[in-house]
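Below, each chain spelled out in residue letters.
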Amino acid sequence: MTFEEAKQEFEIRYYYWAISEWEKEVNKSFPSLNLFKTESARIVAQFMQQLNSAEQLILARSLLKRFHQKAVKMLGEDISDEEESLVSKFDAFRLAEDAKIISKNLFSKNVKFANKGKFRRTILTKFKAAFGTHCFELELVGLDPELDFKMHYGGWVLNTRFEFNGAHKQIHYWHGIASPNTIEPHRMPTMVMGKSISFNAWLAISSQTQWEYLLPEDVEPACDAAIKFCGRFIEIAPKLLKGLEFEKIKSE
């Protein structure tokens, strides 16, 4: 199997898994979208609640098709007129809500948001407690250190990265799947199976999953939610990579 063939298969599996994740959200009244305080998820849940269950699934499919374009193309799927109409209405709703959020938070000068250092310490403790035995490497990067946790799955390296930067963005996380082989001097992997994988990304809400404008009392629940979402992908990763093990990839 060539790397390109393996990557195509992985992207299709990832897309199908994302569909199943959205169906769970709709069928259970959005437990994950309501789990943590982040505006991107709140906006989606708020709009979804204006729709009936059939329309919710249609919107979910249209969001996924727009985000997972390579898999959709390989499968020969199209976005229907109904899907296009719903996603256009959602986009307009999201733009209006985003403007309200920016206005509200930029002018809340007297609000003291949670310290990013506390988020970092909490994430470090909770991630190591949940997945530390699976990690073969932990890197602290930069003056305000990001966190990189590395695990082996099917011969690939599954990296989970947390960043703590920006004026109000206290946490940003994502997973990547890459080859153990790297190119010096910056240790860039020779092959990348998946990148920028996170809760918002697999549901096609946005390309990033981040927590912003959080207060001190939000630290524990936000970090718990982040760890829970990490666990969901770490759990499914071996199934997504089954048969696509690194040792089976032929050099091209």
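Structure shown above.
In short, a report on the structure. (Residues numbered from 1 in each chain as written. Predicted model: local features only at pLDDT ≥ 70, side-chain atom pairs only at ≥ 80, totals over all residues. Heavy atoms only, no water.)

## Digging into the pairing of strand E2 (residues 146-153)
Most of E2 sits out of view: 7 of its 8 residues are buried. With 7 bridges connecting them, E2 and strand E3 (residues 156-163) associate as antiparallel partners. Along E3, the bridge assignment pairs methionine 151 with leucine 158. Hairpin connection of E2 to E3: 2 residues between the antiparallel strands, including glycine 154 at a positive phi of 55 degrees. (Buried < 20%, exposed > 50% of the residue type's maximum accessible area, 1.4 Å probe, protein only. Helix = DSSP H or I, 4+ residues; strand = E, 2+ residues; numbered from the N terminus. Pairing = 2+ DSSP bridges.)

## A closer look at unusual backbone geometry
Between glutamate 184 and proline 185 the backbone carries a cis peptide bond, its omega angle lying at 10 degrees. Looking at where proline 185 falls in the secondary structure, it is placed in the loop between strand E5 (182-183) and strand E6 (188-189). Although it is not a glycine, serine 29 sits at a positive phi angle of roughly 65 degrees. Position of serine 29 relative to the elements: it lies in the loop between helix H1 (3-27) and helix H2 (39-48). In this model, alanine 204 sits at a positive phi of 65 degrees, which is unusual for a non-glycine residue.

## Some remarks on helix H8 (residues 219-241)
Taking 1.5 Å per residue, 23 residues should reach 33 Å; H8 reaches 33 Å between its end C-alpha atoms and fits that length. Along H8, the sharpest change in direction is near 25 degrees and occurs at glutamate 235; proline proline 238 comes one to four residues later. Directly beyond the C-terminal end of H8, a positive phi value near 85 degrees is found at glycine 243. (Expected span 1.5 Å × (residues − 1). Bend = angle between axes of the 7 residues up to and from the residue.)

## Some remarks on helix H6 (residues 116-131)
For H6, spanning 16 residues, the distance from its first C-alpha to its last is 22 Å, which sits close to the expected 22 Å at 1.5 Å a residue. Phe119, Arg120, Thr122, Ile123, Leu124, Phe127 and Phe131 are the residues of H6 that are buried. For H6, the side-chain oxygen to backbone nitrogen distance between the N-cap and glycine 117 is 2.6 Å, and the N-cap itself is asparagine 115. (Polar contact = N/O pair within 3.5 Å; in protein donor to acceptor, adjacent residues only side chain to side chain.)

## A short note on the pattern of salt bridges
A side chain of one charge can pair with a side chain of the opposite charge when the charged atoms of the two come close. What the rule picks out here adds up to 15 salt bridges. In this structure, aspartate 91 and arginine 66 form a salt bridge, with 2.7 Å as the shortest nitrogen-oxygen distance. One end of the pair, aspartate 91, is in helix H5 (residues 81-106); the other, arginine 66, is in helix H3 (residues 53-67), and 25 residues separate them in sequence. Taken together, the salt bridges that share partners define one network made up of Glu146, Asp148, Arg161 and Glu163. (Salt bridge = Lys/Arg side-chain N within 4 Å of Asp/Glu carboxyl O.)

## Topic: the side chain of asparagine 159
For asparagine 159, the location among the structural elements is in strand E3. The class for asparagine 159 is buried, based on a relative accessible area of 12%. When sequence neighbours within four positions are dropped, the list of residues in contact with asparagine 159 reads Asp148, Phe149, Lys150, Trp174, His175 and Gly176. (Contact = heavy atoms within 4.5 Å.)

## Considering the environment of arginine 66
Judged by its relative accessible area of 33%, arginine 66 falls in the partly exposed class. Beyond its immediate stretch of four places on either side in the chain, arginine 66 contacts Ile79, Val87, Asp91 and Arg94.

## Observations concerning the nonpolar core
The tendency in soluble globular proteins is for nonpolar side chains to be buried as a group. Membership of the largest hydrophobic core comes to 76 residues, with the highest contact counts inside it found for Trp22, Leu33, Phe162, Trp202 and Phe233. Here the element with the most residues in this core is H8; it accounts for 14 residues. If sequence neighbours within four positions are ignored, tryptophan 202 has contacts with Tyr14, Trp17, Ala18, Glu21, Leu64, His68, Tyr173, Ile197, Phe229, Arg232 and Phe233. (Core = buried A, V, L, I, M, F, W, Y, C linked by side-chain atoms within 4.5 Å.)

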